[in-house]
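Structural characterization, general
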Amino acid sequence: EKGLRVQDKGFLNTAVIHSTITYIDGEAGVLRYRGYPIEQLAERSNHLETAYLLIYGSLPTKDQSKYWETEILRHGTMHADSEEFFRSFRYDAHPMSMLTSGFSMLGSFYPEANPSLKGQRLYTDGDAASLATMDRQIYRLIGKATTLAAMAYRVRQGRDFVTPPTGLSYTGSFLYQMDHLGEENYVPNPILEKALDVLFLIHADHELNASCTTVLQTGSSLVDPYSAIAAGCASLYGPLHGGANEAVIRMLISIGKPENVPSFIEAVKRREKTLSGFGHRVYKTSDPRSFIVRKTADEVFKVTGKDELLETAMALHDAAMKDEYFIKRKLAPNVDFWSGLIYRAMGFPLDFFPVLFVVPRVVGWLAHWRQMMLQEGGVKIWRPRQVYVGAGKRDYVPADERT
Ligand code: SDX
């Protein structure tokens, strides 16, 4: 192909869209949602309000907030048939497999979301009807993300599913459904509820990371948003991406005590081990979210008691930050380095950690999906090119003549 060349492995330096949603400055360690610094939102907003901001572009008025939260919490319940679906998983199925399938199953309950219904214009019309259809899928996906996650958790526990309660906050309702005691008069601990809300907020979006790109690549064929979200969920499952928060804890457990950190660091430098939770494709100084997570961890530990792995994590962090090998490669803690310690202290099982990344990230995926559906000039299917370096033309050889 004339003039085609592989620009860069892994899209190191390829921009595919114009976006007004999230801004990252990797050198300065800056993250803003619709222009608002992540530090201010973490301090003063909450996950659902920030979700509205990411999806619709402005902070909601009080009335808009009330309607938005009511719709999302109202859509938290799942169709009874979904229980049979979840019961078909083995008790030890990885929750991310269950969640990925769960999003796809969810879409089957809403024929109105099926693109073939209204052909190619279901979501791209921009008229009141298609905007309202889009909004309904958004309420359902955000509202049911916590319920699907909680159902996956209950399958692992071999326990009954819990109907989402009324009158609790988004994270309160999630903790209620997750609660391993399933107490009747469950009152979520406000500090843990708030801590999880802050973690959800800072995980909500991160522009064109691997999973968001997957959602847009899939959504560009005008498939329904449930299928596109399921694809994004599959991408986030990988240990290089959302699976890193689980990998960090497994790494800390394998290191054990702080005195084992120096030998682990040497193994990493010999490329025998990876320092999970460090490094980032965009942030080359620091991931601003890691400071917010670190601070939130101290709040949580006041309630749950310190995690014995914290000392090892701090020793590992301090050793890596001083080591030339990591400094030269501009490796610093990312959002995943500390978050696993919080989830562990809150009692979530280890393989559930990536699920806690997916639940809030559904918001960012939907914000980018909606932006693409409404973009100027309509949706173009994403179809990159390749540079072919394989065999030239050759003729078929019958099996008995092959050597
Ligand atoms: C997330 O994109 C996003 O925005 C993602 C995310 C989001 O919110 O969506 O921020 C969430 O996924 C955070 C990242 C979580 N993943 C991990 O913590 C896994 C460990 N990190 C690495 O796998 C790696 O740093 C990546 C995948 C995060 C980034 O990979 P890049 O940009 O492709 O970096 P690279 O492989 O080009 O690394 C550059 C150098 C290499 O050394 P050399 O070959 O040049 O000598 O740094 C080294 C790498 O070997 N390196 C590491 C390292 N990360 C990179 N060496 C040891 N430990 C690491 N963690």
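Placed above this text is the structure.
Let me sum up the structure you'll find in this document. Bear in mind the structure is a predicted one, so any value in this text is a computation, not a measurement. Numbering of residues starts from 1 in every chain and runs along the sequence as written. It should be noted that, the model being predicted, local features are given only for residues of pLDDT at least 70 and side-chain atom pairs only at 80 or more, the latter also being counted only at that level, while totals for whole chains, interfaces and linings use all residues. To get the side-chain values, take all heavy atoms of the structure and skip hydrogens and water.

Looking at helix α7 (residues 170-178)
- We call a residue buried when its accessible area falls under 20% of the maximum for its residue type, exposed when it is over 50%, and partly exposed in between, using a 1.4 Å probe and counting protein chains only. Each helix is a run of DSSP H or I of at least 4 residues and each strand a run of E of at least 2, with the numbering of both proceeding from the N terminus. Among the nine residues in α7, nine count as buried, and that is most of the element.
- Every buried residue of α7 is accounted for by Tyr170, Thr171, Gly172, Ser173, Phe174, Leu175, Tyr176, Gln177 and Met178.
- Contacts are assigned to residue pairs that have any heavy atoms within 4.5 Å of one another. Elements that come into contact with the buried residues of α7 comprise α2 (47-56), α3 (62-74), α6 (128-157), α8 (190-203) and α17 (353-373).

A closer look at the packing of α2 against α17
- Put simply, α2 and α17 touch, their axes get as near as 8 Å, and they point 20 degrees apart. Looking at the two axes, α2 sits roughly parallel to α17. Between α2 and α17 lies a crossing whose hand is right-handed. From α2, His47, Ala51, Leu54, Ile55 and Tyr56 reach across to α17, where they touch Pro360, Val363, Leu366, Ala367 and Arg370.
- A class-by-class count of the residues in the contact of α2 with α17 yields eight nonpolar, one polar and one charged. Throughout, an axis means a line fitted to C-alpha atoms (over the contacting stretch in the case of helices), and angles, computed between N-to-C directions, take values from 0 to 180 degrees. The scheme is simple: roughly parallel for angles under 35 degrees, roughly antiparallel for over 145, roughly perpendicular for 65 to 115, oblique for anything else. Crossing handedness: left-handed means the near helix sits turned counterclockwise from the far one by under a right angle, and right-handed means the same turn made clockwise. Polar here means any residue other than Ala, Val, Leu, Ile, Met, Phe, Trp, Tyr, Cys and Pro, which are nonpolar, and Asp, Glu, Lys and Arg, which are charged; Gly is therefore polar.

A few points about the sheet that holds strand β3 (residues 36-37)
- Across the sheet, which stays open at both edges, the three strands sit in the order β1-β2-β3 with antiparallel pairing between neighbours. The open sheet is flanked by β1 (22-25) and β3, the only strands paired with a single partner. Two strands are counted as paired when DSSP detects at least two bridges linking them.

Considerations on the pattern of salt bridges
- Every case where a carboxyl oxygen of Asp or Glu lies within 4 Å of a side-chain nitrogen of Lys or Arg is listed as a salt bridge. Scanning the entire structure with this criterion turns up 16 salt bridges.
- The residue Arg156 makes a salt bridge to Asp351 at a minimum N-O spacing of 2.5 Å. Here Asp351 lies in the loop between α16 (336-345) and α17 and Arg156 lies in helix α6, a separation of 195 residues in the sequence.
- Look at Arg156 and you get partly exposed, because its relative accessible area is 29%.
- Here Asp351 falls in the buried class, since its relative accessible area comes to 12%.
- Lys269 is paired through a salt bridge with Glu266; the nearest N and O atoms lie 3.4 Å apart. Highlighted residues: Lys269 and Glu266, both in helix α12 (residues 261-269), separated by three residues, approximately one helical turn.
- One network of salt bridges, in which partners are shared, links Glu112, Arg136 and Arg140.

Overview of the packing of α8 against α16
- Across the interface, α8 lies against α16 with an axial gap of 12 Å and an inter-helix angle of 150 degrees. In terms of axis orientation, α8 runs roughly antiparallel to α16. Considering the relative orientation of α8 and α16, their crossing is left-handed. Every residue of α16 that contacts α8 at Leu196, Leu199 and His203 is listed here: Ser339, Ile342 and Tyr343.
- The class makeup of the residues in the contact of α8 with α16 is four nonpolar, two polar and no charged.

Purely spatial values, then, with no claim about function.
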